[in-house]
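Listed below, chain by chain, are the residues.
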Amino acid sequence: MTILDGKKVSNDIKEEIAEHVSAMVSKGEKVPHLAAILVGTDGASMTYVNAKVKACEKIGFLSTLIDLPEYTSEEELLAKINELNINDGIDGFIVQLPLPKHIDEQKVLMAVHPDKDVDGFHPTNVGKMALDLPTFLPATPYGILELLERYQVETSGKNVVVMGRSHIVGRPMSILMSQKRKAGDATVTVVHSRSKNLADITRAADIIVAAIGISEFLTGDMVKEDVVIVDVGITRVPDATKASGYRLAGDVHFESVSKKASYITPVPGGVGPMTIAMLLKNTLLARERRNSEKS
């Protein structure tokens, strides 16, 4: 069994990007600038955004964090997004989800200009992804593809089961893995909370991407020998043995599933670091596009 080490691969990618940025500086080109909008004080969101800002600093990007209070109105947030859309100094930006309940997430994601949507959530970019046109790929599915590719996991012709149908992970993952690409060319099945005989479907899978949002849902009896497991989930599970009072768990019951798996991502340290790395890669792409347009 091989651990798909997202922490190591993401560090490799960051080093590659840092070298690229260094070359941009030596040519007198502008370096990438990523901005992030955080609304409220959600603990997990603050952790994610701070990790993104630190990653920017480490590789030579410019970064801007716009911290807005919980009571920020939808109108105020949309105005701030428009400011970033027209700010020539910002190459790409993200609006950290989830947003407070009084704000319409869909309206917010639609307001981000597609050319600055480095999260890859805007319908224009999702449409281009579905048509296999050049665009910003959603960071988490993009990271999974990169992880599988760098570990040389064979996907062509394999049965892939994607657990979950969210617009952020499940749905784009299913599209990308079915396309003609290095980590693709697979036969993809999407399962969700209404799927019948779910365990029968997962037992036939060569590769499982678990993004169903239920802690330790996928167990050893639901998979076959030599399965490849990518665990997207991350949940705090009460654990009295830990000083914090909890441990982090994925959507996969690691102990039982890892006994059968040929490859498996850990939680934490698997998909999470890859998501940040690919967000940086998208921001670099945004800057390169702008540089080429001006040359």
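Residues numbered from 1 in each chain as written. Predicted model: local features only at pLDDT ≥ 70, side-chain atom pairs only at ≥ 80, totals over all residues. Heavy atoms only, no water.

## So, the environment of Ala199
Right, so step 1: Counting through the fold element by element, Ala199 comes out in helix α8 (residues 198-203).
Right, so step 2: On a C-alpha basis, the gap between Ala199 and Leu218 in space is 8.7 Å, while along the polypeptide they are 19 residues apart. (Helix = DSSP H or I, 4+ residues; strand = E, 2+ residues; numbered from the N terminus.)

## So, the nonpolar core
Right, so step 1: Judged by nonpolar contacts, the single largest core of 51 residues is most densely connected at Ile17, Phe61, Ile144, Leu148 and Leu280.
Right, so step 2: Per-element accounting of this core gives the leading share, nine residues, to helix α10 (residues 271-294).
Right, so step 3: Sequence-distant contacts of Ile144, that is, excluding residues within four places in its chain, are made with Met173, Val209, Val230, Val232 and Val271. (Core = buried A, V, L, I, M, F, W, Y, C linked by side-chain atoms within 4.5 Å. Buried < 20%, exposed > 50% of the residue type's maximum accessible area, 1.4 Å probe, protein only. Contact = heavy atoms within 4.5 Å.)

## With respect to unusual backbone geometry
Right, so step 1: Put simply, Leu97 and Pro98 share a cis peptide bond, and its omega is 0°.
Right, so step 2: Within the secondary structure layout, Pro98 lies in the loop between β4 (92-95) and α4 (105-111).
Right, so step 3: That bond from Val267 to Pro268 is cis: its omega, -5°, falls within 30 degrees of zero.
Right, so step 4: One can find Pro268 in the loop between β11 (263-264) and α10.
Right, so step 5: Of note in this structure, Gln152 is not a glycine but carries a positive phi near 55°.
Right, so step 6: One can find Gln152 in the loop between α6 (139-150) and β5 (159-163).
Right, so step 7: Since its relative accessible area comes to 70%, Gln152 is described here as exposed.

## Overview of helix α2 (residues 43-59)
Right, so step 1: Given a rise of 1.5 Å per residue, 17 residues ought to cover 24 Å, and the 25 Å separating the end C-alpha atoms of α2 matches this to within 8%.
Right, so step 2: Turning to α2, its buried residues are Ser45, Val49, Lys52, Val53, Ala55, Cys56 and Ile59. Buried residues of α2, viewed axially, fall in a sector of 160°; they line one side. Turned more than 90 degrees away from the buried face of α2, the exposed residues are Thr47, Lys54, Glu57 and Lys58.
Right, so step 3: Buried residues belonging to α2 abut α1 (6-26), β2 (33-39), β3 (62-68), β4 and α10. (Expected span 1.5 Å × (residues − 1). Arc of directions from axis to C-beta.)

## Comments concerning the pattern of salt bridges
Right, so step 1: All told, the structure shown has 14 salt bridges when counted by the stated rule.
Right, so step 2: One salt bridge connects Arg290 with Asp91, and the closest N-O pair in it is separated by 2.9 Å. Taken together, the residues span a long stretch of sequence, with Arg290 in helix α10 and Asp91 in the loop between α3 (74-86) and β4 at a distance of 199 residues.
Right, so step 3: Among the ionic contacts, a cluster of salt bridges with common partners joins Glu16, Glu146, Arg150 and Lys281. (Salt bridge = Lys/Arg side-chain N within 4 Å of Asp/Glu carboxyl O.)

## Brief notes about the environment of Phe254
Right, so step 1: As for its position among the elements, Phe254 is in helix α9 (residues 254-257).
Right, so step 2: A residue is classified by how much of its surface remains accessible, and Phe254, at 33% relative accessible area, is partly exposed.
Right, so step 3: For Phe254 and Thr265, which are 11 residues apart along the polypeptide, the C-alpha to C-alpha distance reads 9.0 Å.
Right, so step 4: The contact partners of Phe254, leaving out residues within four places of it in the chain, are Ile3, Ile264, Thr265 and Pro266.

That's the geometry; what it means functionally is another story.
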